[in-house]
Structures are given as C-alpha cells and as structure tokens.
Amino acid sequence: MVVTCPHIPRPGETVIGGDLAMVAGGKGANQAVAAARLGASVTFVACLGHDPFGDAAEDAFRKESIDTRYLVRDGSAPSGVALICVEESGENAIAVAPGANSHLVPQHVLRARAAFEQADLVLLQLEISLETVAATVELASETGTQVILNPAPARALPAELLSSVGLITPNRTEVATLCGLPAEKEMSPSRLSEGLQSLGCTRAVVTLGAQGCLIVDKQTLLEIPAFRVDPVDTTAAGDAFNGALAVAIAEGQSLETAAVFASAAAAISVTRLGAQPSMPARAQVEELLSTAGFS
Ligand code: ADP
C-alpha cells in the first residue's frame, strides 16, 4: 500500500499525501511471477489470509499460470502487507505487517513433497520463518532438488543452513549482515568472496545493483556487468534477478550464462514501475540479450 507524500511523517505527525496505490508485492510472490513470465512451470508454496488481499493475490497467481494447489489460506491472520510512504525525492519508509507469511509452517511445506520431487529447483527467500526455510532446505535435500536461497531481507543465518544450500544470492548489504559487519561498509569483490567462503557458502551470486553481479565459488570470482538502462524504479530488481536465475539454472544453463540472463531480466524490470507489473516476458529478455550481442 503506497502513498506518495511531500515528506515522510515524523513521529506523531500526519502528512496529507497523494492517492493510495495498491501494488502486488512480496519477495516470494514477485520471484514466482518473474519465473512464470519467463516460461517456467511454477508451484508457489505460501500462506495468505482469508481476506480481500489474499483473494486478489491468489487470482493474480492463477492468471500468471502459477500452480496454487499448495497455497494455504489461514483464517487466523491477515495477509502480509507493507505500508510504504514515498517522498518525492524517492526516499521511502516502510512498515511490514508479515501476517500470514509468518503462519507458513514446516508442515505446509512438507505437504508439497510431490511438487519438490518433480521440480528441477526450489527458490526461497527470508520473508517466511527461519524454521520453515530450514525445513524447505531439508526437504529439497531429501528429494535431491537443487536450492537457491535469496537471503533477503538481510539477517544472520546459521552456518549449517548456509553450507547446505547449493547457491545463495545476497546483495551487498545482505553479505555484510551474514558476515556480522556493518551494512555501510563497502566490501571489495575479494572481501565479499572471502566473507562468503568463511561462512561455508559453496557458491554465491552477489548482486551489486547498477554495478552488476559477482559469481563467487571456490575457483571463480567473476564480475558480470549490469545491462545499461535508464532506471525508473529499482523495486524488486533483486526478485526479477532471482526468478530469472532460477529459470536459467533449472533449464541446465551454466551459472555464468544464467547470471547474464538474470541481469537482462532485472535490467528490464528497473525500467518499469512497481514490483510484479515490472517483471518481463521471455521474449523481451531474449531481445535485450540479442541486442547486446548475446545470442
Ligand atoms: P536488490 O534489489 O535485491 O537490492 P540489486 O539492487 O543488487 O538487488 O539488483 C539486482 C540486479 O538487478 C543487479 O545485479 C543488476 O543486474 C540489476 N540492476 C539493479 N539496478 C540496476 C540498474 N540501475 N541498471 C541495470 N541493472 C540493474
């Protein structure tokens, strides 16, 4: 729920803003939509409330041909919502009400075992409880399904979890948080790589905003530049990137090719307003890749 205001209200202050905009979002939902638009067959395991927001979200997933059979509708919690106040300068203040997102428990994920058995890949992030994240990673290991963990929003994670995930995709701030360092500290590529390896991460793609991304594994430290575009709204660039990366890896592409594909999808998303509405279709990503000389 987004309101543009002349300035972000101070404590106790009421500010008159513009019209309310209701925009579909949430990291898991954005990533599911990104992957579906790029042609993947997506099953989304998530929890929504029994309220109009939940109804709208479920309808939207169906329209994107996302399999909603494992969506949980929980009558005891409202759907997750973020209240966002945006200043004309672009500065924002956000209050998140996780609601039903925190009601997605390991049992809900275990019910989706058949989907895990069929899937090439599981993509997950941290807008659900850590217990549920850990249960998901464990189930994927039992079913032999590869995992990408997008460790966002930033939080510290247990070493066992990090070492049991095949690929993580933090941004710079999230690497700092994982390493227990202040987020403002600018880390060089080699420092980012050392930090991730000291945490036991086997492979990572670190996203660096307009600077592109960095592939880190034991043998490689490879910088991939971003596609040059005129940014309009960088909201959900990371979600576009993760959805696309998951699609390309599930299709069997190398990590480098997948990261270029993901960079193209994310670059298109930053030229458009909003989260889910900004996710590109496959043909648009392929067109950007071929214009830029990737066939
Ligand atoms: P997050 O939104 O999770 O913080 P980033 O800001 O690192 O993620 O962006 C994710 C990816 O989106 C980057 O690695 C890059 O490929 C792409 N991207 C982000 N901002 C831009 C930009 N201004 N121009 C082109 N690509 C961008």
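Before going into details, it helps to say that this report is about the structure given with it. Starting afresh in each chain, residues are numbered from 1 along the sequence in its written order. Local features in this predicted model are restricted to residues of pLDDT 70 or higher, and side-chain atom pairs are both shown and tallied only at a pLDDT of 80 or more, whereas totals for entire chains, interfaces and linings draw on every residue. For the side-chain quantities, the full set of heavy atoms in the structure was used; hydrogens and water were omitted.

### Concerning the packing of helix α9 (residues 237–250) against helix α10 (residues 255–270)
Step number 1: Here α9 crosses α10 at 145 degrees, and the two axes come no closer than 7 Å. Crossing of α9 against α10: the hand is right-handed. Within the contact between the two elements, α9 uses A237, A240, F241, A244, L245, A248 and I249 and α10 uses L255, A258, A259, F261, A262, S263, A265, A266, S269 and V270.
Step number 2: Polarity classes work like this: nonpolar for Ala, Val, Leu, Ile, Met, Phe, Trp, Tyr, Cys and Pro, charged for Asp, Glu, Lys and Arg, and polar for all others, with Gly in that last group. By residue class, the composition of the contact of α9 with α10 is 15 nonpolar, two polar and no charged. Note on geometry: axes are C-alpha line fits, over the in-contact stretch for helices, and angles between N-to-C directions span 0 to 180 degrees. We count a stretch as a helix when DSSP gives it H or I for four or more residues in a row; a strand needs E for two or more, and each element gets its number in order from the N terminus. By definition, turning the near helix anticlockwise from the far helix through less than a right angle yields a left-handed crossing, and turning it clockwise yields a right-handed one. Only heavy atoms matter for contacts: two residues are in contact if any of them lie within 4.5 Å across the pair.

### With respect to helix α8 (residues 189–198)
Step number 1: Listed in full, the buried residues belonging to α8 are L192, S193, G195 and L196. What you see down the axis of α8 is that its buried residues fit within an arc of 165 degrees, all on one side.
Step number 2: Positive phi appears at G200, one or two residues downstream of α8, with a value of about 90 degrees. Relative accessibility thresholds used throughout: buried, under 20% of the residue-type maximum; exposed, over 50%; partly exposed, between the two (1.4 Å probe, protein chains only). Each C-beta atom gives one direction from the helix axis, and the arc is the one those directions make.

### Observations concerning the environment of S129
Step number 1: Tracing the backbone through its elements, the reader meets S129 in the loop between β6 (121–125) and α5 (130–143).
Step number 2: Owing to a relative accessible area of 25%, S129 belongs among the partly exposed residues under this scheme.
Step number 3: Remark: the alpha-carbon pair of S129 and V270, spanning 141 residues in sequence, is separated by 28 Å.

### Details of the sheet that holds strand β5 (residues 92–97)
Step number 1: If DSSP finds at least two bridges between two strands, the strands pair. Judged by pairing direction, the sheet is mixed, and its three strands sit side by side in the order β1-β4-β5 without closing on themselves. Of all the strands in the sheet, just β1 (2–5) and β5 have a single pairing partner and so form its edges. Sheet twist, expressed as the mean angle between neighbouring strand axes with direction ignored, is 15 degrees.

### Examining the site of the ligand
Step number 1: It suffices for a single heavy atom of a residue to lie within 4 Å of a molecule or strand for the residue to be listed as near it. Every one of the 18 residues lining the ligand counts as a neighbour, but N171, T207, G209, G212 and A266 are closest to it.
Step number 2: A 3.5 Å cut-off defines polar contacts: any pair of N or O atoms within that distance qualifies, except that in protein one atom must be a possible hydrogen donor and the other a possible acceptor, and neighbouring residues in sequence count only when both atoms are side-chain atoms. Take T207: an N or O atom from its side chain is 2.9 Å from an oxygen atom of the ligand.
Step number 3: Within the contact set of the ligand, an oxygen atom lies 2.9 Å away from a backbone nitrogen or oxygen of G212.
Step number 4: Using the Shrake-Rupley algorithm and a 1.4 Å probe, accessible areas are obtained, with residue cover drawn only from the displayed protein chains. Protein chains bury 83% of the 560 Å² of accessible surface belonging to the ligand in isolation.
Step number 5: Those elements that provide at least two residues to the shell around the ligand are α9 and α10.
Step number 6: Ranked by the residues each element gives to the shell around the ligand, the list is headed by α10, at four residues.
Step number 7: Taken together, the residues that form the shell around the ligand break down as 12 nonpolar, six polar and no charged.

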